Amino acid sequence: MSAESVWWQHRGHPPTQPADPDPGQAGPDETFDTVVVGAGVTGLTTALALVRAGRSVLVVEARHPGAVTTGRTTGKVSALQGTTLSSLTSQHGSGGRRRLEAYVESSLAALDWVAAFCEETGVPAQRRDAVTYAAAPEEVPTVRDEHEAAASLGLDVAWRGTPDLPVPAHAATVLADQLQLDPVALVLALLDRVRAGGGRLLTGRRVQRLRQRGEVVHVLGEDGLDVRGEHVVLATGTPVVDRRLHFARLTPQRSYLVAYRHPAPPEVMALSAGSPGRSWRGGEVDGSGLLLVGGEGHETGRGRRESTRVDRLRSWTAEHFPDAVELAAWSAQDYVSLDGLPLVGGLGSPTSRVSVATGYRKWGLTSGVAAGLALAGEQTGAPVPWARDLYTRAPRLRDLPAFLGVQAGVAAGEVGSLARGVRRPPSRAATEAGGCAALPVCTHLGGTLRWNDHEQTYDCPLHGSRFSADGEVLEGPATRSLARLPRRGGRHAGETT
Ligand SMILES: Cc1cc2nc3c(=O)[nH]c(=O)nc-3n(C[C@H](O)[C@H](O)[C@H](O)COP(=O)(O)OP(=O)(O)OC[C@H]3O[C@@H](n4cnc5c(N)ncnc54)[C@H](O)[C@@H]3O)c2cc1C
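Here we summarise the structure given alongside this text. Just so you know, these numbers come straight off a predicted model, no measurement behind them.

Observations concerning unusual backbone geometry
In most cases, non-glycine residues show a negative phi, while peptide bonds are predominantly trans.
Consideration 1: At the junction of S275 and P276, the peptide bond is cis and its omega measures out at 0° in the coordinates.
Consideration 2: One non-glycine residue, R361, adopts positive backbone phi at about 45°.
Consideration 3: The phi torsion at K362 lies on the positive side, around 70°, for a residue other than glycine.
Consideration 4: Relative to the helices and strands, K362 resides in the loop between β17 (354-358) and α8 (364-379).

Set out below in structure tokens:
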């Protein structure tokens, strides 16, 4: 079964490099108003908002637009986000109330923006109820907390004591009129509009360094990449150039999705409140009913084998949706910040010309859009109303335990990898996948990589960098391929026979 998302699978995968010379390639001597690094939802929204404001923009993408998390999401655009609002409320207390209000405002603004964009460009998107439900009686208080947190932050949620759902449910909170869509259709339409507005795209070029010279930032990388911008936005999932050690304030969270053909897909977008949580929704692909089932989140490169997690989703689906026929199973990752809110703004000094946007805790189709609009608003002198209250980045003493928890998790991840002996030459599975040439030591900070038996990749338990079986960077903070093992007698050193 393909580990590619159903969104790419049914289109056929795009090439990493454009096949023909791209008419939109950057000229060598130009300084752009903004260089956006990364063509996911964040980068493309930022780019579009900037070109609409008359700015010159170059988007530099290491792989292809939508290659990483955005092209692998569930495609829900919603202000009700599982149990996010109640967990943020308990994390931030009453002192953080204005920040959480601003978070909800940003989600609603992003939802409106995406809805208007889809209508304008013809991207198919359906209005659906977003539902957070109790799959077991003991989850009811959690759902009640979410309902109260959402209502107190101004969302028009409805309580359902006996929800009408196709799976066992003991209570639910429901927010009507949210949106579901095909995220790759969104990416392609954003890209189309960026180009139509004069923005340019450079694909297949990985950025590795930034160098500031006066008011110009040089964006440097693979194959002699050297482009210039007055501003740079790192919309790379997690920052790949990191003067403020953002990676040490983020936890990479991987989770799994299985897509099925289904004769009568559900008409809601649902997320259960307990653990393990289940996220599911209906839809349509290639003219047939589509069911998406997700869950089994964990820190990247840590915990039980990846393939067993997919099997748990399959078992759950077989029990609750017996008519489902599997189409694709894949995984993706997103980043959770110490305080649970997006990390958006200048990297380094407050007057920095380099900005980052990350930490969406798996809700980047709203938070990434909001971040893009905010960053563009900041650069064009038209700030969005929620930005100042939401994106405060001063370190807080109360986040210290969370910071220490992240570092303890990093250390435990490394110890776990070493204990499993992953520093040994690659396993037979890796060898079969062509992985025998790569040394499984992360090029970011030297973490011991773990073989992911579902995706056939090397995953770093420290900060979430991931590499293909032959060592190419796939995602995460790493910017360089794995070192190659020397060949001995026609075989790679350590290759199993
Ligand atoms: C399983 C799963 C399901 C999800 N479902 C939903 C959902 O239903 N709704 C929702 O709102 N959110 C969802 N999310 C979260 C959402 O998908 C992400 O928050 C969002 O896609 C992040 O977008 P991004 O543009 O910041 O990052 P990405 O989409 O990862 O884009 C980053 C881009 O930067 C490029 N890049 C990275 N490094 C470099 C470099 N050095 N040089 C050049 N380019 C580089 C990458 O190749 C990539 O194309 C889900 C997340 C997961 C894991």
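After presenting the structure, the write-up continues.
Regarding the packing of aromatic side chains
Consideration 1: In the structure shown here, the tally under the stated rule is 5 aromatic pairs.
Consideration 2: A ring pair is formed by Y133 and W280, whose centres lie 5.9 Å apart and whose planes are at 65°; its orientation type is edge-to-face. Taken as a pair, Y133 in strand β4 (residues 125-133) and W280 in strand β13 (residues 278-285) lie far apart in primary sequence, 147 residues in all. An identical accessibility class is assigned to Y133 and W280; each is buried.
Consideration 3: Taken together, a centroid distance of 5.0 Å and an interplanar angle of 65° make the contact between W451 and Y458 edge-to-face. Each member of the pair, W451 as well as Y458, is classed as buried.
Consideration 4: Three or more aromatic residues joined by ring pairs make a cluster, and in this case those are Y133, W280, W316 and F321.

Side note on helix α4 (residues 97-121)
Consideration 1: The terminal C-alpha atoms of α4, which comprises 25 residues, lie 36 Å apart, in line with the 36 Å expected from a rise of 1.5 Å per residue.
Consideration 2: Two residues or fewer after α4 comes G122, characterised by a positive phi angle close to 80°.

Things to note about the site of the ligand
Consideration 1: Neighbouring the ligand are 34 residues, the closest being E61, T70, T73, K76 and D334.
Consideration 2: V41 has a polar backbone atom sitting 3.1 Å from an oxygen atom of the ligand.
Consideration 3: Protein coverage of the free-state accessible area of the ligand, which is 1000 Å², stands at 97%.
Consideration 4: Those elements that place two or more of their residues in the shell around the ligand are α2 (41-52), β11 (250-261), β15 (325-337) and α8.
Consideration 5: Here the shell around the ligand is composed, by residue class, of 14 nonpolar, 14 polar and 6 charged.
Consideration 6: Of the residues that make up the shell around the ligand, three or more belong to each of domain 1 (6-72 + 185-246 + 340-398) and domain 2 (124-180 + 249-337).

Details of the state of the cysteines
Consideration 1: For the coordinates displayed, the defined rule picks out 0 disulfides.
Consideration 2: Of all cysteine sulfurs, the one in C460 lies closest to C442, which takes part in no disulfide; the gap is 3.9 Å.
Consideration 3: By relative accessible area, which is 4% here, C442 ends up buried.

As for the sheet that holds strand β19 (residues 457-459)
Consideration 1: In space, the 4 strands of this open sheet follow the order β18-β19-β20-β21, with antiparallel pairing throughout. Each edge of the open sheet is held by one strand with a lone partner, namely β18 (450-452) and β21 (473-475). For this sheet the average axis-to-axis angle between neighbouring strands, irrespective of direction, equals 35°.
Consideration 2: When strand β20 (residues 466-468) meets β21, the two strands line up antiparallel, connected through 2 bridges. By the bridge assignment for β21, F467 is matched with V473.

Cut-offs applied
- Residues numbered from 1 in each chain as written.
- Predicted model: local features only at pLDDT ≥ 70, side-chain atom pairs only at ≥ 80, totals over all residues.
- Heavy atoms only, no water.
- Helix = DSSP H or I, 4+ residues; strand = E, 2+ residues; numbered from the N terminus.
- Phe/Tyr/Trp six-rings, centres within 6.5 Å; stacked < 30°, edge-to-face > 60°.
- Buried < 20%, exposed > 50% of the residue type's maximum accessible area, 1.4 Å probe, protein only.
- Expected span 1.5 Å × (residues − 1).
- Near = heavy atom within 4 Å.
- Polar contact = N/O pair within 3.5 Å; in protein donor to acceptor, adjacent residues only side chain to side chain.
- Areas by Shrake-Rupley, 256 points an atom, 1.4 Å probe, with all protein chains shown as cover.
- Nonpolar A, V, L, I, M, F, W, Y, C, P; charged D, E, K, R; others polar.
- Domains from an automatic or database assignment.
- Disulfide = S-S within 2.5 Å.
- Pairing = 2+ DSSP bridges.
- Axes fitted to C-alpha atoms, helices over the stretch in contact; angles between N-to-C directions.

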